[in-house]
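Fold and geometry: a report
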Amino acid sequence: MKKVILSSIFVCACAGIVSGQARSSFLLEKNWKFSRVDDAGAVSPGFDDAGWQSVTVPHDWAIYGPFDGNADVQNVAIAQDGENRASLKAGRTGGLPFIGVGWYRIRFDAPGFGAGKTASIRFDGAMSNARVYLNGREVGFWPYGYNSFHFDVTPYLKAADNTLAVRLENFTESSRWYPGAGLYRNVHVDIAGDVHIPVWGTYLTTPAVNGDYARVNLKTTVAGAGELPRDLRLVTEIRDGRQNVVSRAESAGPGRFDENTFEQNFVIEKPALWSPDAPELYTAVSKLYAGDGLKDEYATRFGIRKFEIIPDSGMFLNGRMTKFRGVCNHHDLGPLGAAVNVSALRRQLALLKDMGCNAIRTSHNMPAPELVELCDEMGFMMMVEAFDEWQLAKCRNGYNLYFNDWAEKDIVNMVRHYRNNPSVVMWSIGNEVPGQDRPEGVRTARFLQDICHREDPTRKVTMGIDHAEAAMKSHFASTMDVVGFNYRLQFYRQAYSELAQRIVLGSETASTVSSRGVYYFPAEKTSRQQYGDGHCSSYDLGEPGWSNLPDDDFVQHDDYPWCIGEFVWTGFDYLGEPTPYYNRWPNHSSMFGIIDLAGIPKDRYYLYRSHWNPGAETLHILPHWTWPGREGEVTPVFVYTSHPSAELFINGKSQGRISKDESLTAAETDTPEARDAMLRQRRYRLMWMDVKYEPGVVRVVAYDRDGRAVAEQEVRTAGKPHHLELSADRTALTADGRDLSFITVRVVDKDGNLCPDAAHSIRFSVKGAGVYRAAANGDPTNIEQFHLPQMSVFKGQLVAIVQSSEQAGTIRFEARARGLQTASLRLQSE
């Protein structure tokens, strides 16, 4: 029987829980005070914090550095990477000072609060071990830094002159990557009436969907102090994206009211269905009355879609077969650290969208609400993940310390928070957890999956299994709704043939490593290869020993319908996990990313784009063509293109025309000999392996299936560095003090050709209605501090970030470097 998974969207308080006479919500954003001194007196409203640092939340205290090779050094063996002997890992968590205690304090008024009102404080995330105090009273504790949580503060809140204090503490050896530190996500105050709809108090599903109509079911919980009024009435309107009312329901009296929950049903004619290509959204606006008095108003944004996973046949969205073309992402935003920013998230998603990505795995933790909302709006399916650890430790002070007491609470918050979002199509309960070969692990998996099903019967559950063979023998894999393998391609067909699910998901794939603009010779497949400069080659042929290359995954999901897609490790480079250079400082950030830490696409971006976004033209040449001293030496040229064939010219001389070999199948290339011969690469890449370098012009002409020349591209040998070239992702900003423009700075010759070995130090200045925010160059060995207005380019490029102020006007950005012509550009903030 087909399993139909349908869902909707919840609007968080800062944007969608309606503010009005019955309810108000506001952010605690500005005028926070912060200190790294652990002073227990800070809980007191009268505590003198005048000497503390003034900060704005979201805030990541550790991203400002400085980098330090002794920060959180871990003497461990990484079992997930096949290590069996401990060694010092200097950059495993990024080399930034996130360890220790941090205090935050803020004074605020709560207009509208008083008799007959209730209040809660809601944290989208606090890293970590948050102890929350209001007006000198402890109101709650939440250890997991990635989850959203809230506390009822009705007994402690006043209408004016409140003091909120939050103590956070991060332990050594508590993470495998950079976790960030502090109040790195938003903090909200929600004020409602004595009878109200609580936080995450609606649950909306679409039990039937087709082209003619959709049924919508809305369950709305009501909370209050004491016995609820008998004359409660709930009026809900469904509005489309243009705010037209398309359906309405009214429920009144005990006959429609059961255990504090209203249940309403709607029919929407000719619904606009949500998909990555057309992310159509609706809103359910509910008004709660007692008699004729309005008690609360609550908005639930949602989407209508039909999501199915059918054994043998594959995955279907709104009746159309689809595959996950997904990426895994950690939560940090490169030089901005873990502090959430909508502009930065939107830029990341826009780059991924252009690549053809349609899905995000929130590895390995709950996401920021802003990311989920953007995925709803921009059209990304999501696998929302809960944990990297269960009871058995991967890190000595990791989530294993809390699992037994907190796992159910954390899963409940995660599911209730995001079970209305149409982008969320699957829950993941863990990643590469120890115990996949043991009965205890099977029981834990079932325990967590059952919680997900209890809270949300509409979605399937998976997790990242890395011990594929053991998990199949122990029945761990058969416990999951969807079998998700991290790598382990050699077990895909066995899992399909032996497990009842008859479906395999690439929950984590590839882990190819590369540094943007770096190439080593000869161009050959490598495993665990290290080089003297701490980089990896952008010929995209290197992996860390336990994984594979992109083409190895492409061929599985192209050839087998029961392979329902992949989540590549990773979309973006991230702070920490500098594989394969764990033991070499100053390596401190990953090289797995398709896009580097600065947000500049690597060559690999265009390989994925050529395959995932075939409707857009891709024609990309690598490597660069500036190799003084390599004259006459073999310098292979690769072309990543959406076209089936191309011809290569060096200074006008043809090097031959090559076509992708689409006859090469997953089955016939599944041998060591075939992999060594790079047969799978021949299906997806065009490779001229014997080209000899000579300065000049590399030109490629692409042909369509009818043999017609349809596109061409050139790369030229660069001359001496001459000037700086600037380009902004956005030149029109919002004057809200949060909006960002990402400015790419390139060192070019007099003709505008990128100088690929340039390493100039660039100085920045920002004047007018904005400020300099940060910069990054994508070099995993670079330890210049992000927030200082100076950064060296890496392989000729970097990205600087400008932030708007709250005043409208012109922003002037200028970049200078010794020996180069200065460049400037103007942004407008309104």
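Here is a short report on the structure shown in this document. (Residues numbered from 1 in each chain as written. Predicted model: local features only at pLDDT ≥ 70, side-chain atom pairs only at ≥ 80, totals over all residues. Heavy atoms only, no water.)

Section: the overall build of the protein chain
Scanning the protein chain for helices and strands turns up 11 helices and 52 strands. Computed over its C-alpha atoms, the radius of gyration of the protein chain comes to 27 Å, within 12% of the 28 Å expected for a compact globule of 830 residues. Taking the principal axes of the C-alpha coordinates as reference, the protein chain spans close to 85 × 65 × 55 Å. Looking at the 830 residues of the protein chain, the share that counts as buried comes to 63%. For the protein chain, the share of sequence-separated contacts (at least 6 apart) that also reach a separation of at least 24 residues comes to 71%. (Helix = DSSP H or I, 4+ residues; strand = E, 2+ residues; numbered from the N terminus. Rg over C-alpha atoms; globule rule 2.2 N^0.38 Å. Buried < 20%, exposed > 50% of the residue type's maximum accessible area, 1.4 Å probe, protein only. Contact = heavy atoms within 4.5 Å.)

Digging into the environment of A368
With respect to the element layout, A368 can be found in the loop between strand 28 (359-361) and helix 2 (369-378). By relative accessible area, A368 is classed as buried at 8%. A C-alpha to C-alpha distance of 34 Å links A368 and Y560, two positions 192 residues apart in sequence. Setting aside residues up to four positions removed in sequence, A368 forms contacts with R185, V340 and Y418.

Considering the nonpolar core
Within the largest apolar cluster, 214 residues are counted, with the highest numbers of intra-cluster contacts made by F324, F387 and F764. Examining the composition of this core, we find that eight residues originate from one element, helix 3 (residues 403-418), more than from any other. The residues contacting F387, other than those within four sequence positions of it, are Y144, H364, M366, Y399, F403, A407, D410, I411, I429, G430, N431 and L448. Ranked by size, the runner-up nonpolar core spans 13 residues in total, among them A214, V216, L218 and Y282. (Core = buried A, V, L, I, M, F, W, Y, C linked by side-chain atoms within 4.5 Å.)

So, the pairing of strand 47 (residues 761-768)
Sheet analysis places strand 47 next to strand 49 (residues 790-792), joined by three bridges and oriented antiparallel. Bridge pairing links I762 to M791 in strand 49. Pairing of strand 47 with strand 51 (residues 809-816), which is carried by six bridges, proceeds in the antiparallel orientation. The residue of strand 51 that forms the bridge with K767 is R812. (Pairing = 2+ DSSP bridges.)

Examining the environment of S428
The topology assignment puts S428 in strand 30 (residues 424-431). Residue S428 is classed as buried on the basis of its relative accessible area of 0%. Non-local contacts of S428, meaning those with residues more than four positions away in its chain, are made with M383, V384, E385, A386, T462, M463 and G464. A polar contact is formed between the side chain of S428 and the side chain of E385, at a distance of 2.6 Å. (Polar contact = N/O pair within 3.5 Å; in protein donor to acceptor, adjacent residues only side chain to side chain.)

Regarding helix 8 (residues 550-559)
Burial analysis of helix 8 places eight of its 10 residues in the buried class, the great majority of the element. If you check which residues of helix 8 are buried, you get P550, D551, D552, D553, F554, V555, Q556 and H557.

Comments concerning the packing of helix 3 against helix 4 (residues 439-455)
Relative to each other, helix 3 and helix 4 sit at 30°, their axes nearing to 9 Å. When you trace helix 3 past helix 4, the crossing you get is right-handed. Of helix 4, the residues touching helix 3 (which contributes F403, A407, E408, I411, V412, V415 and R416) are T444, F447, L448, I451, C452, R454 and E455. Its residues assigned to classes, the contact of helix 3 with helix 4 shows nine nonpolar, one polar and four charged. (Axes fitted to C-alpha atoms, helices over the stretch in contact; angles between N-to-C directions. Left-handed = near helix turned anticlockwise from the far one by under 90°. Nonpolar A, V, L, I, M, F, W, Y, C, P; charged D, E, K, R; others polar.)

Re the pattern of salt bridges
Counting across every chain of the model gives 56 salt bridges. Its salt-bridge partner being E29, residue R738 comes within 2.6 Å of it at the nearest N-O pair. Separated by 709 residues along the polypeptide, R738 in the loop between strand 45 (732-733) and strand 46 (740-748) and E29 in the loop between strand 2 (23-27) and strand 3 (32-35) bring together distant segments of the chain. According to the relative accessible area criterion, R738 is partly exposed, its value standing at 37%. With a closest N to O distance of 2.9 Å, D704 and R708 form a salt bridge. Shared partners join several salt bridges into a network, and the residues in it are E408, R416, R419, R454 and E455. (Salt bridge = Lys/Arg side-chain N within 4 Å of Asp/Glu carboxyl O.)

A closer look at the sheet that holds strand 2
Strand pairing in a sheet relies on backbone hydrogen bonds. The paired strands run either parallel or antiparallel. Read across the open sheet, the four strands follow the order 2-13-8-11; overall the sheet is antiparallel. Of all strands in the sheet, those bounded by a partner on one side alone are strand 2 and strand 11 (149-152). Direction aside, neighbouring strands of the sheet carry axes that sit 20° apart on average. Relative to strand 13 (residues 187-193), strand 8 (residues 117-123) is paired through seven bridges, and the arrangement is antiparallel.

Focus on helix 1 (residues 342-355)
In this model helix 1 runs 20 Å from its N-terminal to its C-terminal C-alpha over 14 residues, within 8% of the 20 Å that 1.5 Å per residue would give. By the burial criterion, the buried members of helix 1 are S343, A344, L345, R347, Q348, L349, L351, L352 and M355. Elements that come into contact with the buried residues of helix 1 comprise strand 27 (324-328), strand 28, helix 2, helix 9 (603-612), strand 46 and strand 50 (797-804). (Expected span 1.5 Å × (residues − 1).)

Remarks on the environment of Y582
Assignment of secondary structure puts Y582 in the loop between strand 36 (563-569) and helix 9. For Y582, a relative accessible area of 5% gives the class buried. A polar contact of 3.3 Å, which involves the side chain of Y582, links it to the side chain of T579.

Section: the sheet that holds strand 46
With antiparallel pairing, the four strands of this open sheet are ordered in space as 44-46-50-48. Unpaired on one side and paired on the other, strand 44 (723-728) and strand 48 (770-776) mark the two borders of the sheet. Direction aside, neighbouring strands of the sheet carry axes that sit 30° apart on average. Where strand 44 meets strand 46, six bridges bridge the pair, whose relative direction is antiparallel. The residue of strand 46 that forms the bridge with L726 is V745. Packing of helix 1 onto the sheet brings it into contact with strand 46 and strand 50, and relative to strand 46 it is tilted by some 55°.

Details of the pairing of strand 46
With respect to burial, strand 46 is a largely interior element, eight of its nine residues being buried. Across seven bridges, strand 46 lies against strand 50 in antiparallel orientation. Looking at the pairing, S741 lines up with V802 of strand 50.

Some words on the packing of aromatic side chains
The final tally for this structure, using the stated rule, is 43 aromatic pairs. A ring pair is formed by F141 and W406, whose centres lie 6.0 Å apart and whose planes are at 80°; its orientation type is edge-to-face. Of the two residues, F141 is situated in strand 10 (residues 137-142) and W406 in helix 3; the sequence distance between them amounts to 265 residues. According to the relative accessible area criterion, F141 is partly exposed, its value standing at 23%. Taking relative accessible area as the criterion, W406 reaches 13% and is therefore assigned buried. (Phe/Tyr/Trp six-rings, centres within 6.5 Å; stacked < 30°, edge-to-face > 60°.)

Details of the side chain of R122
Tracing the backbone shows R122 in strand 8. By relative accessible area, R122 is classed as buried at 1%. There is a polar contact of 3.0 Å between the side chain of R122 and the side chain of D190.

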